[in-house]
Structure formats: structure tokens, C-alpha cells
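An overview of the molecular structure
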Amino acid sequence: MKDIFKRVVAYIIDIVLVSVVITVLTSNSYINKDYDKYTDVYQEYKNFSDNYNEFLTEIEEIYNEEVVTQESIDLLLKNHSDYEKYIKKINVSQSLSEGDYEKITTDIKKYYEDRLIDYSYKLSKLSIIQTIISVLCILMYFVVIEYYLNGKTLGKKLLKLQVVSNNGKKLTILNYLIRSLILNEVIISLMNIIFILVLSKNNYITYNQIIYFVTYTLEMAILFMVMFNKDNRGLHDYASNTKVISLNG
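Below is a short write-up of the structure. On a predicted model such as this, the values are computed, not experimentally measured, just so you know.

What to know about empty space enclosed by the protein
In the structure shown here, the tally under the stated rule is one cavity of 30 Å³ or more. Reported here for the largest cavity is a volume of approximately 40 Å³. Taken together, Phe 142, Glu 146, Tyr 176, Arg 179, Ser 180, Leu 183 and Asn 184 form the lining of the largest cavity. Elements represented by at least two residues in the lining of the largest cavity include exactly helix H6 (128-148) and helix H8 (173-183). No other element matches the four residues that H8 contributes to the lining of the largest cavity. Class assignment of the residues belonging to the lining of the largest cavity gives a composition of three nonpolar, two polar and two charged.

Next comes the structure, spelled out in C-alpha cells:
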């Protein structure tokens, strides 16, 4: 269990290091030409999401009032113009019935979720370059550098760990590549780029939901295998014929 803890800590160190490099590169508009557009769309989405949550709070306050006032309606219209057609269904000088309240909040939720799909699709398309840069950084660190450092990364060096062959043979760069494709979800990232380019919006959203489940399942399978296998080898180790050893003996 001690070695498993060391592996987790080493991996966290490595991922943090790579993430810092990726962030620096992808936030540079000269390298990532879509960075400014991505930032603008993300901020637009965040404002839309905040506005939605504020609207739900304010409409609940109106629902709790004995009588709806014109002042309350005017304030809603001023702060939430996107929801004007829903707000105008509320009758002034009357209480907002439970049925009307549920109908409005249900319609608003549907409108919000539809817009959320649009934002998700736009952000995914604008993150293609970011994903490519991320994949290249991951492959450089966990494949090329780890290969030339004989199975060690910064995290593994600090925790005195090393990736070695499971059968005593010398590891090739292909072993490290296969290992990273699974452990670092490089295959999933590459598939995501392909699908965002070729699929329609609705088909991509469906695919994205599936891939989220697959990613979660893969992560849990790797963690479970590392924790409970006698040799502490995960799926990535079996596929690449590797294992992680402690240099402390």
C-alpha cells in the first residue's frame, strides 16, 4: 500500500508539472490562435450560467410573495432579458401559483440546457488546438523524456520509482507510448478531436456523454487493478508489458 501511495503522489507531481506547461503554451494567443475566442465564449457561458441561477433565485422569491408586483416584474425584465417571454406569462396583482411556477422553471431549465449544449459544442471546437498541444506535451513527457530517463519522470525520481519491463527485456519507446495512450487517456483525446471535426452538434454531444462514461470506467479500472492486483499492475502496464518498481527495495 505504501508503494501505491508513492505512485499516486508521483503521478500527481507529474500531472501538475505537465499541466503548468500546457497552460502556459495554450494561453499564448500566438501558439493557440483560438485562445481569445475560447476565453470570450467561456466568459459568455459563465455569465449566462450565473444569470440563470440568479433568475431561479428571484423567481422563487416572487413565488413566495403573496401578490406579484409590477416592480418585481420590471426588475426581472431588467436583469434577465433573455427570459422575457417567460416573465411576461406572470400575472401582476396575483399570486404565482405552484403550477405556473413549476411550468416557468421547467421551461427555463429546458431553455438553459439547450443553450448549454450550444456552448459545450462551441467550446469543444475552440479547444482543438489546446487538446493537440496537451497531447503533444503528455507524449513528450511520459513517452520521450521517460524513455530517455530510463523509466523515470520527475515525480518518479522524487519518490524513487521506476518503470521497468515485466519480463526483463529492455523497454522500447513503443512500450512507453502504449502505456501513455491508456494511462494518460491520449487515445480518448485524439478520438475527441476526430469526432468534434466530423460529427454534428447533437451527435457529438451524445458521443461526449458516452466518452465521459468510458473515461470514468477506465480510470476506475486502472485504480482498482493497481490497488488490488498482487503485482500492482494496471491496465496500462499489462498492455505495455511494464511494471513500476520501488528503488528502495
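Once you've had a look at it, read on.
As for the nonpolar core
By size, the foremost hydrophobic cluster in this structure holds 21 residues, and its most contacted members are Phe 55, Ile 59, Leu 76, Tyr 83, Ile 90, Leu 96 and Ile 108. Here the element with the most residues in this core is helix H5 (residues 98-126); it accounts for seven residues. The residues contacting Leu 96, other than those within four sequence positions of it, are Ile 59, Ile 62, Tyr 63, Val 68, Ile 90, Tyr 101 and Ile 104.

Focus on the packing of helix H9 (residues 186-198) against helix H10 (residues 201-228)
It is the contact of H9 with H10, at a shortest axis distance of 11 Å, that shows an interaxial angle of 175 degrees. Relative to H10, the element H9 lies roughly antiparallel. Contacts between H9 and H10 involve Ile 188, Met 191, Asn 192, Phe 195 and Ile 196 from the first element and Tyr 204, Tyr 207, Asn 208, Ile 211, Thr 215 and Leu 218 from the second. Along the lines of polarity and charge, the residues of the contact of H9 with H10 split into eight nonpolar, three polar and no charged.

How each quantity is defined
Residues numbered from 1 in each chain as written. Predicted model: local features only at pLDDT ≥ 70, side-chain atom pairs only at ≥ 80, totals over all residues. Heavy atoms only, no water. 1 Å grid on protein atoms, 1.4 Å probe; cavity = no way out; pocket = protein on both sides within 12 Å on 5 of 7 lines; lining within 4 Å. Points joined across faces, edges and corners; volume = space filled by probe spheres on them. Helix = DSSP H or I, 4+ residues; strand = E, 2+ residues; numbered from the N terminus. Nonpolar A, V, L, I, M, F, W, Y, C, P; charged D, E, K, R; others polar. Core = buried A, V, L, I, M, F, W, Y, C linked by side-chain atoms within 4.5 Å. Buried < 20%, exposed > 50% of the residue type's maximum accessible area, 1.4 Å probe, protein only. Contact = heavy atoms within 4.5 Å. Axes fitted to C-alpha atoms, helices over the stretch in contact; angles between N-to-C directions. Parallel < 35°, antiparallel > 145°, perpendicular 65-115°, else oblique.

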